[in-house]
Amino acid sequence: MSSTTSGKTAATLSPLLLRKGIKGIAGDVKSVKPLGSGDLLIEVFRKQQAINLLGTTSFGGISVIVKAHPSLNSSKGVIRCPALRNDADAAILEYFQEEEIPVSEVRRILSKKNNKLVPTDTFVLTFATPSLPSAVVIGYQRCSVSVYIPNPLRCRNCQKYGHHEKRYRRKTVCQYCGREGHEDQSDCDIANLRCVNCEGKHAASSRDCPAWNREREILRVKFTRNVSFPEARRIVESTDQPKTANSQKQHHHQKQHLHQNLHHNQNQHHNQNQHHHQKHLPPQEKTLQRYAHLGHMCVRSDLAHSHLFLDPN
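Residues numbered from 1 in each chain as written. Predicted model: local features only at pLDDT ≥ 70, side-chain atom pairs only at ≥ 80, totals over all residues. Heavy atoms only, no water.

Caption draft 1: Looking closely at a negative patch on the surface. A contiguous patch of negative charge on the surface is contributed by Glu94, Glu98, Glu99 and Glu100. Here Glu100 lies in the loop between α3 (89-98) and β7 (103-113). Note on Glu100: relative accessible area 71%, which makes it exposed. (Patch = residues over 30% accessible without salt bridge, like charges linked within 9 Å, V, L, I, M, F, W, Y side chains within 5 Å. Areas by Shrake-Rupley, 256 points an atom, 1.4 Å probe, with all protein chains shown as cover. Salt bridge = Lys/Arg side-chain N within 4 Å of Asp/Glu carboxyl O. Lys, Arg positive; Asp, Glu negative; His and termini not counted. Charge placed at Lys NZ, Arg CZ, Asp CG, Glu CD. Helix = DSSP H or I, 4+ residues; strand = E, 2+ residues; numbered from the N terminus. Buried < 20%, exposed > 50% of the residue type's maximum accessible area, 1.4 Å probe, protein only.)

Caption draft 2: Quick look at the sheet that holds strand β6 (residues 75-80). Within the open sheet, the 4 strands sit side by side as β7-β8-β6-β11. Their pairing is antiparallel. Where the open sheet ends on each side, the last strands, each with one partner, are β7 and β11 (146-147). Both β7 and strand β8 (residues 116-127) contribute to a ladder of 9 bridges, which runs antiparallel. If you follow Leu110 over to β8, its bridge partner there is Pro119. Packed on one face of the sheet, α3 meets β7 and β8 and runs near 155 degrees to β7. (Pairing = 2+ DSSP bridges. Contact = heavy atoms within 4.5 Å. Axes fitted to C-alpha atoms, helices over the stretch in contact; angles between N-to-C directions.)

Caption draft 3: Molecular detail of the nonpolar core. Among the nonpolar cores identified, the biggest contains 15 residues, and Ile79, Phe96, Val106, Leu125 and Val136 are the most heavily contacted of them. Setting aside residues no more than four positions away along its own chain, Val136 makes contact with Ile79, Phe96, Leu125, Phe127, Gln141, Arg142, Cys143 and Val145. (Core = buried A, V, L, I, M, F, W, Y, C linked by side-chain atoms within 4.5 Å.)

Function-wise, these values are silent; they only describe arrangement.
Have a look at this one:
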């Protein structure tokens, strides 16, 4: 729901007024959330509730327009069907419409081989429903539907993730060296590759980049758990932190263990040298050294202020 009245937004209306007005139009709904744009996101239980709200033009003393959300009312799934290899996407979509299966778009996935795009037997289906079906029947074949997880969106200008290059108006950053002012690798003034996202020795477009894998995991969490992008990012980052803390703790324990082993080896080496030295001493000197060692031990104990007499005989 968006306001068309200048200076007023639907999200700033009183929550008491909102509840009373929405209930009068559509009854009890599932949720109402204010958006940062000033619009209201209304989730309903039944189709008739959506129809009632879509016909609303005035609400709470302001003029409004209500329309279906462009993405939350649809879902994307993947099917694999080798039998459809020779069928056109348009023919497959026409079949779904004739069978009243709520599919609004069919897109075949293409793979690149020898710099050529080759059609596959994998299809991305856009369903006109918020949730995916477990399977679809095509002719006499039943095809399982899995969640479609898109690749991370990377800006071709700044090479950062999360936005399109159409929204970025600064200087172009090279995906190979991470510097501004050029796009081709032949114009790079450094020998090695440098990723602008992780400082690694690879191009920003590399799928071996930790930043790419992190963004991919965020997308996986978003679409498999059906949460927002900020929530998915929070989940992934919260799981990364304990791993980092555990790694640091493990490194500390390893360092401490190494230090203890080194200290133990030094003491053992010292004792071996001392034993070897005592072995070659005359008997009288051995006796004197044994008394001296006993006196040293007493000095280190609670008898520190006692006077010890060491008889040379």
